[in-house]
Every structure is written in structure tokens, then in C-alpha cells.
Amino acid sequence: MTSSASSTVRSSAKSAAERIQQQLPPSNHAASLSFSSLNLPSSRSSGVVGGGGNHSSRPKDRPSSSSSSSSSAAVVSTRRSKTPVRRSQSKDFDDDNDPGRVRVAVRVRPRNAEELLSDADFADFVELQPEIKRLKLRKNNWSSESYRFDEVFSETASQKRVYEGVAKPVVEGVLSGYNGTVMAYGQTGTGKTYTVGRIGRDDTAERGIMVRALEDIISSTSSASDSVEISYLQLYMESIHDLLAPEKNNISINEDPKTGEVSVPSATVVRIQDLDHFLQVLQVGETNRHAANTKLNTESSRSHAILMVYVRRTMHDKAAEGMKSRDKETKAELPGDKGIPRVRKSKLLIVDLAGSERIDKSGTEGHLIEEAKFINLSLTSLGKCINALAEGSAHIPTRDSKLTRLLRDSFGGSARTSLIITIGPSARYHAETSSTIMFGQRAMKIVNMVKLKEEFDYESLCRKLETQVDHLTAEVERQNKLRVSETHNLQKKLRECENALIEAERNAVTRSEFLEKENARLELRIKKLLNELQLQKDQYDLMHDKAIQLEMTLKQTKQQQLENSAYQKQFADASQVYETKIAELVQQVEDEQARSTHAEHQLNEMKNLLSTQETSIHQHEMDNYQYQRELAETTYTYETKIAELQKQLEDEYARSKDSEEQLGQMKKLRNDHQDPQENDEVTKLRAKLEDLSQQHESTVDEFETMKLDYDDMLQQKEKLSVEVQDLKQKLLLEEKQRKQMESELVKLKKNLSESENVAEEKRHIKEELLKVSSESGAPTGSQRSHILKKSLSGQRATIARLCEEVGIQKILQLIKSEDLEVQIHAVKVVANLAAEENNQMKIVEEGGVDALLMLLQSSQNSTILRVASGAIANLAMNEKSQDLIMNKGGAQLLAKMASKTEDSQTLRMVAGALANLCGNEKYLMLLKEEGGIKALLELALSGNRDIVAQVARGMANFAKCETREIMQGRRKGRSLLLEEGALEWLTSNSHIDSASSQRHIELALCHLAQNEDNAKDFKSTGSVTEIVRISVESSRDDIRSLAKKILRSNPYFSS
């Protein structure tokens, strides 16, 4: 079911694509929109803008032209013959409304010091009128000629204003899909290269047309859907050279026999990422361009420079909707293009022509005369083509020069062209200035047929359809699987529901039986409860009756008490009578009674004191209850003592009671007998009570002291508990970190063992390669690449897994471990990581450079020194790492390492690191001062092929960077390598067996020979002979060309 659905989707998509392809135009699948293909009125055309159109870059200054000018360009064929016939029309250049006309601007160079002196009497030779766009050229003091241009720039005009007036409309047209050309023409020394090719790295205001045009193009395009590519060529002595690849010279020009489009297929094409990338590429091209010093210009361009910019832009839906009103008729004619993405391809030529010159004024001689001849020849051919186009000639001699062939589309073709002519203000060059102005006047009469180049993007459409088919197929399969899965789940749920229903029925029956039994049990219990309630009610009634009886008894008891009180009153009266009778007896017992009263008073005080003590004891018991867990034994002891005291007090109280009874008996008996023994007992009791009071006070004091000690102990216990908790947490954290470090160490050792296994596998693969080479002569490229890819993939997978599991920071921490084995493994991992470019910045950011340099300085282990040197050599390929290594004294450390070790592998790593550092222009002098160059030459004495190869590479890098600085004017004088005696070593080893080492030595010699200050050393050491040999016998074409160029350009060598 799934396969049939997917095949159905694919067949339907395929048939839809075939229908779309059948409905589209067959001519190279390109939508070349023109009047002849669409048969539309000229006022609505978007393909060719002959007399007017909607694609003008400045619609406010250029309104649509009249219908007559539009009808003159109404029919234009999309194919072009090899020799164009009347491709342009000669028009009056006063018609500013024609966007196809070649626009011409004039710029006047400021006067130099020599001209200010020589032209003092005739200073107003050129008079500018920028407000009316005119220029007056004076023949003498009474006559002058006036010329009109599209733009007139004085000597104070800024680079930005020149760009906006000359090139920006062309750049906007290129972004809209039209070809464009910006060209500078004029006498040598009038500022053409400054206007067009000025890079302006230090001052952005000085940037020329090339940099500003690319800046606008890059900012207006998207890196995701659009592309910007460039080629940079020079026409030198009628031979096309690639400035981005100097080894490519005499490049051929191809013409499309159908469209007549001119192309240079062998030229290097570079895709531009951003403006900085373009500036680097442009700097390379400018370095390779031919220039010389003449009387008219210290840096006179000896070739025509042509920058070709290829722009490819994808038309999105929003852009298509914005052009709906202009392309309405076009879409009606092409019904099959609905939904198909479109691509607009355009080309921008920025041409910096070499200046025309007269030999008698420029003072050229020798080879420069030949260069001037070819420059004037190509400019003459260009002037002939301009004249023919301006006069409407039937034959345009575009094949007379390669320059006119390359600019075929710019004058009389389909490109929008702007020309800026540069002139000098001096009357000494009246003829050259007049010729330049007439060239611009004739160019203004040329009208090009501007054409939009738009194609259908079938590749993206095909990819989109394939993606949709795959998506629909996967969706159908997913839906089928989902449907089957849902069916299975529903069936499973149905079975579960049935089983659950049966189980619920069983449970319901069981539950009903249980509820019936429970109901019967509850009914019986309710009956029992009712009976119990009835019994409780009867008991309550009985209790109520008893309470009534008790109330009656209480009333009777009160009545009896009243009666008893009356009886007591009567008894008291009788007693008074009796007392009167026994007055004498009373007098006798008064003393005894007084003593007894005093004893009773003392007993009452003791009772009060005892009650107070009991209250305080009770309070202490309550307080003691709160601390009974901590002071259980002490509390128990004091409670025991208190209980004994209470018992003693109770005994004393009982004794006092007995004394009272005895006193009562003595009153009743009214005897005068006094008992001295009783007084003794009272005294004893008083003494005992005082002892008990003292013991109680001491007990209370001890209890308060123990309470304070207990509070202090509680506070100390809380502090200790907090400290114990903190210590426990710290110990747990340290234990966790230790376990984590142990696990990471285990993983690291495991991964390092895997790395060692990978290294063992690499050695095994090398043995297999040697075995295969011995058996079959030499292994094939496919076998070797397969084995190497297998090894590299395994190693990279191991390293990637190691980074993900452990992390670079923790690996670098293990380098500082005191365990030598762990330290060795960690350094090996860092070295393997440093071999990958993606990991180098991470290692630098985590402090890897400092750790490796520390190992080189402190470690004595040969393995660590060798691996650490290799890691530094890998990191030294990165500019940021080079800064850190040099700032930390790495070069001096590596030089010391070269002198103190004899291991060939370590020496090779040290030589590689120094060779990489030699490729940085900023640290050439520092390398020499810290002994890096001297160390390289000492390493070369080892005779090891690998070490010598690294030394040769370092010499080539150093010489190249030093020569670049000298050529750019940042440094002068004799080479630093020559001061260290490197020239003798390079000369003596120029015939080395290794091809790579020989190539680097030859490059180093050639770069050193470019510095004229080194010429004496070359002659004294016989190195000039080596330069001659290299120009003939070198295996590399670019090196031979460079040697020949040096021999030609350097007068010391030519002599």
C-alpha cells in the first residue's frame, strides 16, 4: 500500500514537471524578455530599454522618452552576429532622458607643485562650470571652447560624490538584472586608478569605484539565495593575464556563436563572502599588476585592468509581486512560469584603462617603450570603435584589439555604460586634454540597447519537486503506519474494555452479595445500639433520682450543722460558767497556754514556709520538665532530695499536730503539769526546719547554676551542629568532585587508549601500504585514499567523542596533574585536538597555549616535549595563537628547545612551529631577535630530510612576508635573513633531492632577489647564477616566471 502511494505521488509530480517544461520557451530555458519575443508596446516593455523604460536607476532625472525614440528600438533580436551591424544609433547627446545612452563625466586632477610653477601665467587653462555641467577649454587668451557632459567634477570633488554620480546608477541597474560597465579614460597621471581602483584601507573616504560598487552589491544581496563572483584581469602588451593567478597568462577570449556574448572561461572566478574578503582579493590583484615609474607618474599603470563582477539574484515572491504591474503582459504570454523561481544574471565591468602617453613627455625608454606602444595601440582601436559607433558606421572594428573585444557589450551592446574621463589642469598637455575631451564627446553619442537577462531556475524547482515528492511519500507511509498502529491500538483497547466489562460484572455481583450481608449486620447492630441507648436512658433517670436525694441529704446536713452550732454556743456558755469556777486553774495553765500559742505560731510559720517551698518546688518541677531529657539524672537526684524533705516536713507537721492534741488534752485536763520534753522537741523541730531551709536555698542555687550551664551547653551544641552540617556538605561536595574527576580520568584514559589504538591502526595501515606497494609496485590512488580515509575517520570520531564527553577545559586541567602518565595522555589528546582547525580557537580561548609553553619550559620528559612541540606547531597556523605564542616568549622557548634536545621528532616539531611563525609579518624582527632564524639554520645542520623541509618552508614564508612589506613601502634595507647568513645555506641547498624542499628554497631565493638592497649579497655569494638556473630549470611555471621577471626588472642582475 505504501509503495503504490509513493509511486502515484512521484508519477503525478513527474507529469506536472513535464507539463511545465513543455509550456516554457525552449531557448536554453532562459526567459530573455525583449520586444521581438513578447511583441509588446514599447511603453510597457521590461526586457529592452532602448528609448525609455521602467528600469532606470534615477527615474526623477530621466523621465520616459518620446514614442519616436521608443519605436526606434522596438525590434531587437535576442541573437547577435559576430560582427555587429548598426547596433547603436548616433544621437544628439543633449537627450538626457535616454537611459541607454553612454553617460560621460569629466574629472579634473588638482595641480601639483611643478604645474603651479610652470602655469603661473596661464593658470585658467581649464574652466569648470559644474552647475550647468559644462567645461571650457581655452586655446589662448581670447578664445575658448565649451563642452557639455553629464557630470563635471572639480579637483575638490570627493570619491563618494564621483561614485554616486558615475557608477551608482550602473550598479543599481546591475542589481536589477542589467549588464553594466564603468570605465575610466584619460592621459597617464590624471587620476584614473585613484578614481577607480583606490582601496582605501586606512581612510574609507579614499575608496574608489571598485570598492564602493562591491560594497553596495554585497549589502543589497543575500548570501543565502544570491551569489557575487569576481574575476580580475589585466591586458598587458595585448595579452590577457589573470591578476588573481599570475601563472595564467595569454588567456583566450570566447564568443558565443548564438548570442555573441564575450567570456573569458580560463579566468579565475572567486566567490565573494563579504567586503573584507573582496579587499583581500583586490589587494592580491593590485600587487600582481604591472606598474612603472615615468616622468608623468611615479606609479604608472602599464596595463588595462578589468574587474568582472558576476551577480546572480533569485527573484522571490515579494519581488515578483512588486513587478506585477510591469510584467503583466509577459506573464500572460508565459502561462507555464507560474510558481517557477526566476534567476537574474548580470555582469558589471569596471575598467581602469592605462593612460595614453607621448614618449617624449613621459621619458620612457627600453621595455617601457614597447609597453607604451601596445597601450596606445589598444586605446587607438577603442577610439576607432567609438568613432564608428558615434558616426553610425556599418562596420565596427571590434576585432582589432582584445580590449575592444572585451568591451564589445559596453559600447553599442546591451550594457548600461558610464565613462569617466580624467584630465589635468595644465596647459602643457593641451593636445592630450583636448583629445580626451573629444573622446568623451563622441562616446556620449552612443546609445546601447539595455536588456534584462532573466532565466528560470529549473535546478531549484527540480530540487523543490523532489523534496515535495519525498515528503509526500514519507507522509503517506507515516499515515499508513499510523493507521495500522491506531487499528491495532483500537482492537487492543476493545479487548481490554470487554475484559474490564466482564470483570466489572463479576465485581458487581460480588459487591451486591457483600452489601446485602453488610446491610443485615448493620440492622442487627442498630437494634443493639437502640437497646443500649434505652439502658443508658434508664441509668440516667436513676442518676437523676440519686442527685435529688443527695441534694435533700445536703440540706439535712446543713440543718444539722446549724443545730450543732447552737449546741456549741450553749456549750460555750456552760464552759464560761465552768471557767469562772475554775479561774484559778486557768491562771496556772496560762503560761503553758502562752508557750503552746507560741509553738502554734511557729508551726503556722513553718506551714507557710512549707507551702511556699512546695510552690517553688512545683515551679522548679515544671521548669525541670522542659530540660528533663538533657538533665534527667540531676533532676531525679534533686526530686529525690525534695521528696525526702517533704517527708521530713510532713513528719514534723504530724508531730506538731500531736503536740496540739496533747495541748488540747492538757487544756481539758487543766492540769498544771509542764512537760520539758515537749519544749526540747519543738527546739529540735525548729533546728531541723532551719536546716531544711538552708538545704532548699542551696538546692535552688545549684539548680539555677545547672540551668545556666545547660543553656550554654545548648548554644554550643547548636553551633557545633551547624559546623558539623557545613563540614558534611563540604565533604559531600569534595567527594562528589573527586568521584567526577575519577570518572573523567577513567574516560580520558579510555579515550587515550582508543587514540593509541588509532595510532597503532595507522601504523598497521602504513605497513599495509608498504606491503601493497612491494607486491604490486605501488598502491592505487583509490586504495590509498580508502585506507587513509578509514584511519582519519576513526581518529576524528574518537577525538570528537572525547571533546563532547570530557571538554577541552578539563583536559587542559589534567596537563597540570602531578601524575606523569596522566600528563602524557592529556598532552597527546590536546595535540590531536590541535590538528583540527575547528578545535584550535577553543584550545586558545581555554588557555591551552600557556599550558603547552609551561610544559616546554618545565618538563624533562622527552615524550611530553615532543607532543607539546607538535601541538604548538599545529596552533601556530592560527593568527590569534601566533600572537599569544610570540607575546609569551614562545619563539625564544622554541629556540632553546632546538638547542637542548637531540630527538629528531621533537626537532621536526620545533622546526614546524618556527616555520609557521615565520608566516606572520608582524613578528619578523621579533623572531630574529629571539633567535628563531638562527635556530632554524642550526636545525638544518642535522641533515634530517623532514627537518630540512620544515626549515626550507620557514625560510620561504619569512622571505615572502619580508618582500611584501618592502614592496608595500613599510620596510626598507637589507633582508634580515641575509644578516643571519641564510643566503649561503639557501644557495648551497638549492639542488636538494626533495622536490618540496627545493621548491621552497627556490621561492625564498626569488623573494629575496626582489629586494634591490640584497643585490650585492647575491653577487658576492654567486646566488645570481641560481636565479638564472631557476628561471630555466624550475619545475614550477610560476617560479620560473617570477625569476624571469626579477632578471628583467632588476638592473643589477641584468648587467
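Residues numbered from 1 in each chain as written. Predicted model: local features only at pLDDT ≥ 70, side-chain atom pairs only at ≥ 80, totals over all residues. Heavy atoms only, no water.

Visitor: How do you make sense of the overall build of the protein chain when you look at a structure like this?
Guide: Counting secondary structure elements, the protein chain contains 38 helices and 20 strands. Taken across its 1055 residues, the protein chain has 42% of its residues classed as buried. Sequence separation of at least 24 residues holds for 74% of the intrachain contacts in the protein chain that already meet a minimum separation of 6. If you sum the accessible surface of the protein chain, you get close to 59300 Å²; carbon and sulfur atoms cover 51% of it. (Helix = DSSP H or I, 4+ residues; strand = E, 2+ residues; numbered from the N terminus. Buried < 20%, exposed > 50% of the residue type's maximum accessible area, 1.4 Å probe, protein only. Contact = heavy atoms within 4.5 Å. Areas by Shrake-Rupley, 256 points an atom, 1.4 Å probe, with all protein chains shown as cover.)

Visitor: I'm lost on the pairing of strand β8 (residues 180-186) in this one. Help?
Guide: For a regular strand, side chains alternate in direction, first toward one face of the sheet and then toward the other. Most of β8 is tucked away, with seven of its seven residues classed as buried. Here β8 shows two buried faces, one formed by G180, V182, A184 and G186 and the other by T181, M183 and Y185. Bridging between β8 and strand β18 (residues 416-423) involves seven bridges; their strand directions are parallel. Across the sheet, the residue bridging to Y185 is I421, located in β18. Sheet topology note: the β8/strand β17 (residues 342-352) ladder contains five bridges and is parallel. Along β17, the bridge assignment pairs A184 with D352. (Pairing = 2+ DSSP bridges.)

Visitor: Explanation requested: the nonpolar core in the structure shown.
Guide: For soluble globular proteins, the rule of thumb is that nonpolar side chains tend to be buried together. Membership of the largest hydrophobic core comes to 88 residues, with the highest contact counts inside it found for L856, L939, M955, W985 and F1018. Every residue in contact with L856, bar those within four places of it in the chain, is listed here: L865, A868, S869, I872, L893, L894, M897 and K900. Ranked by size, the runner-up nonpolar core spans 47 residues in total, among them F125, V126, Y185 and A388. (Core = buried A, V, L, I, M, F, W, Y, C linked by side-chain atoms within 4.5 Å.)

Visitor: Can you help me understand a nonpolar patch on the surface in this one?
Guide: Residues L522, I526, L530 and L533 make up a contiguous nonpolar surface patch of roughly 380 Å² in combined accessible area. Among the secondary structure elements, L533 is positioned in helix α16 (residues 458-581). A relative accessible area of 53% means that L533 is categorised as exposed. (Patch = residues over 30% accessible without salt bridge, like charges linked within 9 Å, V, L, I, M, F, W, Y side chains within 5 Å. Salt bridge = Lys/Arg side-chain N within 4 Å of Asp/Glu carboxyl O.)

Visitor: Even after reading the chapter, I still don't get unusual backbone geometry, so can you show me in this structure?
Guide: The bulk of non-glycine residues show a negative phi, and the bulk of peptide bonds are trans. Located in the positive-phi region is K133, a residue other than glycine, with phi close to 55 degrees. Among the structural elements, K133 can be located in the loop between β4 (126-129) and β5 (134-138). Look at E238: it is not a glycine, yet its phi comes out positive at around 60 degrees.

Visitor: Help me out: how do you make sense of the pattern of salt bridges in this one?
Guide: Any two side chains of opposite charge can pair, so long as their charged atoms come close to each other. Under the criterion given, the structure shown has 25 salt bridges. Taking the shortest distance from any N to any O, the salt bridge between R408 and E255 comes out at 2.4 Å. With R408 in the loop between α14 (402-406) and β18 and E255 in strand β11 (residues 254-255), the pair connects residues that are 153 residues apart, well separated along the chain. We classify E255 as partly exposed; its relative accessible area is 21%.

Visitor: Got a minute to help me understand helix α31 (residues 945-967) in this structure?
Guide: Two residues of an α-helix separated by three or four positions point the same way, owing to the 3.6 residues in each turn. Compared with the 33 Å implied by 1.5 Å per residue over 23 residues, the 33 Å span of α31 between its first and last C-alpha is a close match. Positioned one or two residues after α31, G969 has a phi angle of 80 degrees, which is positive. (Expected span 1.5 Å × (residues − 1).)

Visitor: I keep staring at the confidence of the model for the protein chain and nothing clicks. Help me out?
Guide: Caution applies to low-pLDDT parts of the model: their predicted coordinates are not meant to be read in detail. Of all residues in the protein chain, 70% attain a pLDDT of 70 or more, and the chain-wide mean is 75. pLDDT under 50 marks residues 1-6. Its contacts with residues more than four places away, or in other chains, come to six contacts. Scored below 50 in pLDDT, residues 769-785 shows nine contacts in the model against residues more than four places distant or in partner chains. (pLDDT = per-residue confidence, 0-100.)

Visitor: I'm lost on helix α37 (residues 1037-1049) in this one. Help?
Guide: For α37, with 13 residues, the first-to-last C-alpha span of 18 Å sits near the 18 Å given by 1.5 Å per residue. Among all positions of α37, only I1039, L1042, A1043, I1046 and L1047 are buried. Buried residues along α37 cover an arc of 135 degrees about the axis, so they all sit on one side. Exposed residues pointing more than 90 degrees away from the buried face of α37 are listed as R1048 and S1049. (Arc of directions from axis to C-beta.)

Visitor: Would you mind showing me how to read the packing of aromatic side chains here?
Guide: Aromatic ring pairs are reported here in terms of the distance separating the ring centres and the angle at which the planes meet. According to the stated counting rule, one finds one aromatic pair in the structure shown. Taking 3.8 Å as the distance between ring centres and 15 degrees as the angle between the ring planes, the aromatic pair formed by Y185 and F439 counts as stacked. In this pair, Y185 is assigned in strand β8 and F439 in helix α15 (residues 430-443), connecting sequence segments 254 residues apart. Across the pair, F439 and Y185 agree in class, each one buried. (Phe/Tyr/Trp six-rings, centres within 6.5 Å; stacked < 30°, edge-to-face > 60°.)

Visitor: What is the right way to read the environment of A868 from this model?
Guide: Tracing the sequence through the fold places A868 in helix α25 (residues 862-875). With 41 residues separating them in the primary sequence, A868 and V827 have C-alpha atoms 6.4 Å apart. Setting aside chain neighbours within four positions, we find A868 in contact with V827, L852 and L856.

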